[in-house]
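# Examination of the molecular architecture
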Amino acid sequence: MSTAGKVIKCRAAVAWEPDQPVVIEEIEVAPPMADEVRIKIVATSVCHTDLYHLLESMNKGGFPTVLGHEGAGIVESVGPGVTEFQPGDKVIPHFIAQCRECRFCKSPRTNQCEKAWTRVRQEIMAGVESRFTCKGKRIHQFMGLSTFSEYTVINQIAVTKIDPAAPLDKVCLLGCGICTGYGAAVNTAKVEPDSTCAVFGLGAVGLAAVMGCKAAGAKRIIAVDVNPDKAEKAKVFGATDFVNPKDHSKPIHEVIAGMTNGGVDFSLECVGNVEVMRSALESSLEAWGVSVIVGWTDMYDVAIRPGHLICGRTWKGSVFGGFKAKDGVAGMVKAYLEKKVKVDEFITHNMALDQINEAIELMKNGKCIRVIVNVSPQ
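This report concerns the structure included in the present document.

Rules used in this analysis
- Residues numbered from 1 in each chain as written.
- Predicted model: local features only at pLDDT ≥ 70, side-chain atom pairs only at ≥ 80, totals over all residues.
- Heavy atoms only, no water.
- Helix = DSSP H or I, 4+ residues; strand = E, 2+ residues; numbered from the N terminus.
- Rg over C-alpha atoms; globule rule 2.2 N^0.38 Å.
- Buried < 20%, exposed > 50% of the residue type's maximum accessible area, 1.4 Å probe, protein only.
- Contact = heavy atoms within 4.5 Å.
- Areas by Shrake-Rupley, 256 points an atom, 1.4 Å probe, with all protein chains shown as cover.
- Lys, Arg positive; Asp, Glu negative; His and termini not counted.
- Charge placed at Lys NZ, Arg CZ, Asp CG, Glu CD.
- Disulfide = S-S within 2.5 Å.
- Salt bridge = Lys/Arg side-chain N within 4 Å of Asp/Glu carboxyl O.
- Axes fitted to C-alpha atoms, helices over the stretch in contact; angles between N-to-C directions.
- Parallel < 35°, antiparallel > 145°, perpendicular 65-115°, else oblique.
- Nonpolar A, V, L, I, M, F, W, Y, C, P; charged D, E, K, R; others polar.
- Core = buried A, V, L, I, M, F, W, Y, C linked by side-chain atoms within 4.5 Å.
- Pairing = 2+ DSSP bridges.

## Quick notes on the overall build of the chain
Looking only at helices and strands, the chain has twelve helices and 20 strands in total. Over its C-alpha trace the chain gives a radius of gyration of 20 Å, about what one expects of a compact globule, namely 21 Å for 378 residues. Over its C-alpha atoms, taken along the principal directions, the chain stretches across nearly 65 × 40 × 35 Å. Buried residues in the chain amount to 58% of all 378 residues. Excluding contacts between residues fewer than 6 apart, the proportion of contacts in the chain whose partners are at least 24 apart in sequence is 69%. Here the chain displays about 15800 Å² of accessible surface, and carbon together with sulfur accounts for 51% of that area. Looking at the chain, you have 42 positive and 42 negative side-chain charges, and the mean spots of the two groups are 3 Å apart.

## Looking at the state of the cysteines
Counting across every chain of the model gives zero disulfides. Not engaged in a disulfide, the cysteine Cys270 finds its nearest cysteine sulfur in Cys213; these two sulfurs lie 8.5 Å apart. Here Cys270 falls in the buried class, since its relative accessible area comes to 12%.

## Some remarks on helix H1 (residues 48-57)
One turn of the α-helix equals 3.6 residues, which is why residues spaced by three or four share an orientation. Three or more residues of H1 are buried, namely Thr49, Asp50, Leu51, Tyr52, His53 and Leu54. Against the buried residues of H1 lie strand E1 (8-15), strand E3 (36-45), strand E4 (65-66) and helix H12 (356-364). One or two positions beyond H1, positive phi appears at Met58, with a value near 50°.

## As for the pattern of salt bridges
Following the criterion strictly, the structure yields 19 salt bridges and no others. Glu101 serves as the salt-bridge partner of Lys115, at 2.8 Å between the closest nitrogen and oxygen. Within this pair, whereas Lys115 is found in helix H3 (residues 114-117), its partner Glu101 is found in the loop between strand E6 (90-93) and helix H2 (103-106), the two being separated by 14 residues in sequence. A residue is classified by how much of its surface remains accessible, and Glu101, at 51% relative accessible area, is exposed. Put simply, Lys334 and Glu338 hold a salt bridge, and the shortest N to O gap is 2.7 Å.

## Here's the deal with the packing of H1 against H12
It is at 10 Å that the axes of H1 and H12 come closest, and there the two elements cross at 95°. In this view, H1 runs roughly perpendicular relative to H12, as classed from their interaxial angle. Residue-level contacts link His48, Leu51, Leu54 and Leu55 of H1 to Ile360, Met363 and Lys364 of H12. The residue makeup of the contact of H1 with H12, split by class, is five nonpolar, one polar and one charged.

## Quick word on the nonpolar core
Formed by 116 residues in total, the largest nonpolar core has its most connected members in Val171, Leu174, Ile178, Val191, Cys213, Leu268 and Phe346. Excluding anything up to four places from it in sequence, Cys213 contacts Ala185, Val191, Cys197, Val199, Ala218, Ile221 and Leu268. Grouped together as the second largest cluster of nonpolar side chains are ten residues, Ala198, Val224, Ile252 and Val255 included.

## A few points about the sheet that holds strand E17 (residues 290-293)
Read from one edge of the open sheet, six strands run E15-E14-E13-E16-E17-E18, paired in parallel fashion. Lying at the two open borders of the sheet, with one neighbouring strand each, are strand E15 (241-243) and strand E18 (314-317). Each neighbouring strand pair of the sheet contributes to a mean axis angle of 20°, computed without reference to strand direction. Bridge count between strand E13 (residues 196-200) and strand E14 (residues 220-224): five bridges; the pairing is parallel.

Honestly, it's all geometry; don't read function into it.
So this is what it looks like as structure tokens:
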């Protein structure tokens, strides 16, 4: 029996308030409106940005919400004006949109989209509109997506159709973390062959950055993390060295300078910590080093001295790895299917939607790289 045009009742993990466990609830998902697609989410993962909203920034205006932005699924129905998708398509949603029409989308200088800025309220990390209700209350859609739900409704400019051969319980990771780290190295930093690199933070984003540095031809890749358990994992993705700042009495930038004759050519901060951002910058070579901020936070200022930049360093930011979303996601899926990028190696756990709080705890305590949450059968 077709569900097109009808309200769907389904399960979702609702975060009713900040810093509290999410609750599996029955929600109502309205049919897609103009330019929207309704998607049956097959698999999703927990990203640190979900935890940032739930446990760190805790902006009460962003609740209640359904978190999740790293997922994949199958189109259930489409709204008026949608021609790019049809029911049955395998898709990956993404928090960075690509309308292909605005001045940003047409420019090679950015992966931002002007239309996307009108769809999401960044201060509360939620879509301007929502197709979710629960117990008579409007529920926010996190970043306009909400993949911790069996069904969701998303504007077509934030969805990519992918190869039908792609396994959704793997490529869901390309909706955020892997593209973010990998692209930060190859697109934003533009790591060069035979260069030296340092990657700070070895979660999924950092490991993907290591993979990107290797793909770009770096000859030395120093992986930096306070968790010694990450050392062997980093080598899988191409790291040549592992440094734990806790093992040294000197500041980490001095340690790296001593290892590299003054500093690395490229450094990438993948933690979302302002002190680490400064350390990463100072770890790059003063004359021409390039340092990229990849980790997300909007809670604190970061301080540097003019001398950190004035001799030739470049400090850059990167969101979604600099990929124009639709093009980038489709390209990364293709690269995965051709075994040119790793995805399976990021997966450390598989869980059901009912176990979402366990998955959140694993991420919070650094006990996983990525947990695949199996939301719906394919």
